[in-house]
Amino acid sequence: MDLGISGKVALVTASSGGIGMNVARRLAMEGVNVVLLARSAEKLETLAATFRSEYGVRVLPVVGSMLDTSDHDRLLAAIEGEFGRLDIAVLNTGRPPSPLRAALDETDKSRWDQSYDTLLSCVIAISQRAYPLMAANGWGRMIAITSASTHMAMPHHALSTVFRAGVEAYMKHLSSEIGKDGITVNCVAPALIDSSHREATVSYTAEQIARRKEISALKRLGTQEELASVVAFLASSPAGFVTGESIRVDGGMVTAALHR
Ligand SMILES: NC(=O)c1ccc[n+]([C@@H]2O[C@H](COP(=O)([O-])OP(=O)(O)OC[C@H]3O[C@@H](n4cnc5c(N)ncnc54)[C@H](OP(=O)(O)O)[C@@H]3O)[C@@H](O)[C@H]2O)c1
């Protein structure tokens, strides 16, 4: 299927590694020019060089933090300066504080504040700044990466889920406000996506990985490419009548839970 987005400009936040990087790569494969935002300058430069040479697209790496509103302003100014337009914004974030705890044990307010900043407030701030550039062309796609835990309670995920649910609620409201400008607004809610790239920082034991596979209907983890492809579809022209949705990419985890 031709996604019809070659030559468009996409911002992918939190994109020096993991899901953000793989989404940016997937869009670059479609001929989309990409803007990367993360704190690691060296990783961004390496990725930019790779995407340019492998996919022949323009890449604007912006070094900055999702947590700093002056970086948000600088980011949007850089996009306007380099491309003069923005068509697609994939609002991916860093992770909540680790390790997560049981809901009743999350008593430290600073962890809630950190989670709010990391998962929700920056998504709202960047989407508000991205909107005028999209509206100017009467076409846009906003896609927030949330979590399937907004659809089903997962052990120790309350701290993270509360704010992802906030993102989903915000994006739903936004979709009804800015649809008139030709902009669709959706969420992609993953779970059980292979994160072995993070082995150094988060290690699931073999037992935990087996358990994660077991709770999916497909009895395996999802790949980064499978997740990125769903995001790319929502960013596409053919997906133009889909808005206000949250699409789970969880290998059937939520549905399978009803059968256990
Ligand atoms: N894997 C799953 O199944 C799953 C399920 C549900 C939700 N999620 C969520 O999906 C998101 C991405 O997951 P992931 O596995 O790709 O995480 P990851 O491997 O830890 O990557 C996080 C990315 O965010 C960037 N980042 C972190 N803090 C940042 C900040 N303050 N400013 C700018 N960039 C920042 C990091 O780059 P720098 O360090 O260079 O800044 C990195 O590129 C997370 O919110 C995760 O909780 C994942």
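Cut-offs and rules
- The numbering scheme is per chain: residues are counted from 1 as the chain's sequence reads.
- This being a predicted model, a pLDDT of at least 70 is required before a residue's local features are given, and a value of 80 or more before pairs of side-chain atoms are given or counted; all residues contribute to the totals for chains, interfaces and linings.
- Remark: hydrogens and water are excluded; side-chain values derive from all non-hydrogen atoms of the structure.
- Any carboxyl oxygen of Asp or Glu that lies within 4 Å of a side-chain nitrogen of Lys or Arg is treated as forming a salt bridge with it.
- Working definition: helices are DSSP H or I runs of at least four residues, strands are E runs of at least two. Numbering for both runs from the N terminus.
- Burial status follows relative accessibility: with a 1.4 Å probe on protein chains alone, a residue under 20% of its type maximum counts as buried, one over 50% as exposed, and anything between as partly exposed.
- With axes taken as lines fitted to C-alpha atoms, and helix axes fitted only over the stretch in contact, angles between N-to-C directions fall between 0 and 180 degrees.
- For classification purposes, an angle smaller than 35 degrees is called roughly parallel, one larger than 145 roughly antiparallel, one from 65 to 115 roughly perpendicular, and anything else oblique.
- By convention the crossing between two helices is left-handed if the near helix lies anticlockwise of the far one by an angle smaller than a right angle, and right-handed if it lies clockwise.
- Residue contacts follow a heavy-atom distance rule, with two residues in contact if any of their heavy atoms lie within 4.5 Å.
- When residue character is reported, Ala, Val, Leu, Ile, Met, Phe, Trp, Tyr, Cys and Pro are called nonpolar, Asp, Glu, Lys and Arg charged, and the others, Gly included, polar.
- One heavy atom within 4 Å of a molecule or strand makes the whole residue count as near it.
- We call two N or O atoms a polar contact when they sit within 3.5 Å, provided that within protein one can donate a hydrogen and the other can accept it, with sequence-adjacent residues counted only if both atoms are side-chain atoms.
- Areas reported here follow the Shrake-Rupley algorithm with a probe of radius 1.4 Å; residue values treat only the protein chains shown as occluding.
- Each Phe, Tyr or Trp ring (for Trp, its six-membered ring) is paired with any other whose centre lies within 6.5 Å, and the angle between the two planes then decides the class: stacked below 30 degrees, edge-to-face above 60, tilted in between.
- When the NZ atom of lysine or the CZ atom of arginine is within 6 Å of a ring's centre and also within 35 degrees of its normal, the charge is said to sit over that ring.
- By definition, two strands form a pair when at least two bridges between them are found by DSSP.
- We call a crossover right-handed when, viewed with both strands directed away from the observer, the connection leading from the first strand over the helix to the second proceeds clockwise.

Regarding the pattern of salt bridges
Pairing between side chains of opposite charge can happen when the charged atoms of each approach one another. Taken as a whole and assessed by the stated rule, the structure comprises twelve salt bridges. The closest approach of N and O atoms between Glu 30 and Arg 26, which form a salt bridge, is 2.7 Å. Between Asp 71 and Arg 74 there is a salt bridge whose closest N-O contact spans 3.1 Å. Placement of the pair is Asp 71 and Arg 74 together in helix H3 (residues 69–83), with a separation of three residues, close to one helical turn. The class of Asp 71 is buried, set by a relative accessible area of 13%. Its relative accessible area of 40% is what places Arg 74 among the partly exposed residues.

Things to note about the packing of helix H4 (residues 109–137) against helix H5 (residues 158–178)
Relative orientation of the contacting elements H4 and H5 amounts to 15°, with a least axis distance of 9 Å. As far as their axial angle goes, H5 and H4 are roughly parallel. Two packed elements cross with a definite hand, and for H4 against H5 that hand is right-handed. Residues Arg 111, Trp 112, Ser 115, Tyr 116, Leu 119, Leu 120, Val 123, Ile 124, Ser 127, Gln 128 and Tyr 131 of H4 touch H5, and the partners they reach there are Ala 158, Leu 159, Ser 160, Val 162, Phe 163, Arg 164, Gly 166, Val 167, Tyr 170, Leu 174 and Ile 178. Classifying every residue of the contact of H4 with H5 by side-chain character gives 15 nonpolar, five polar and two charged.

What to know about the site of the ligand
In the neighbourhood of the ligand, 27 residues make up the surrounding shell, with Ile 19, Arg 39, Ser 40, Met 66 and Arg 164 lying closest. Within the backbone of Leu 192, one N or O atom sits 3.3 Å away from an oxygen atom of the ligand. Residue Ile 193 places a main-chain N or O atom 2.9 Å away from an oxygen atom belonging to the ligand. Protein coverage of the free-state accessible area of the ligand, which is 900 Å², stands at 88%. Among the residues making up the shell around the ligand, the classes are represented as nine nonpolar, 14 polar and four charged.

Considerations on the packing of aromatic side chains
Given two aromatic rings, one states the distance between the centres and the angle between the planes to describe the pair. In this structure the tally under the stated criterion is three aromatic pairs. Both rings, one in Phe 51 and one in Tyr 55, keep their centres 6.0 Å apart while their planes meet at 50°; by these two values the pair is tilted. Here Phe 51 pairs with Tyr 55, and both are found in helix H2 (residues 41–55), just four residues apart, close to one helical turn. Three or more aromatic residues joined by ring pairs make a cluster, and in this case those are Trp 112, Tyr 116 and Phe 163. Geometry around Trp 139 places Lys 8 over its ring, the cationic atom sitting 4.1 Å from the centre.

Some points on the pairing of strand S2 (residues 33–38)
With six of its six residues buried, S2 lies for the most part within the structure. Residue alternation in S2 divides its side chains into two sets, Asn 33, Val 35 and Leu 37 and Val 34, Leu 36 and Ala 38, and both sets are buried. As paired strands, strand S1 (residues 9–13) and S2 are joined by five bridges and run parallel to one another. Paired with Val 9 across the strands is Asn 33, a residue of S2. A crossover links S1 with its parallel partner S2, the connecting element being helix H1 (residues 18–29), and its sense is right-handed. Direction of pairing for S2 relative to strand S3 (residues 59–63): parallel, over a ladder of five bridges.

Notes on the environment of Ser 229
In this fold, Ser 229 is placed in helix H7 (residues 224–234). In this structure Ser 229 comes out as partly exposed when scored by relative accessible area, which is 32%. Considered as a pair, Ser 229 and Ser 147 are 82 residues apart in the sequence and their alpha carbons are 16 Å apart.

Points about the packing of H1 against H7
At a minimum axis distance of 9 Å, the contact between H1 and H7 shows a crossing angle of 60°. In terms of orientation, H1 and H7 fall into the oblique class. Crossing handedness for the pair H1 and H7: right-handed. Taken together, the residues of H7 that come into contact with H1 (itself represented by Gly 18, Ile 19, Asn 22, Val 23, Arg 26 and Leu 27) are Gln 224, Glu 225, Leu 227, Ala 228, Ser 229, Val 231 and Ala 232. Looking at the contact of H1 with H7, its residues break down into seven nonpolar, four polar and two charged.

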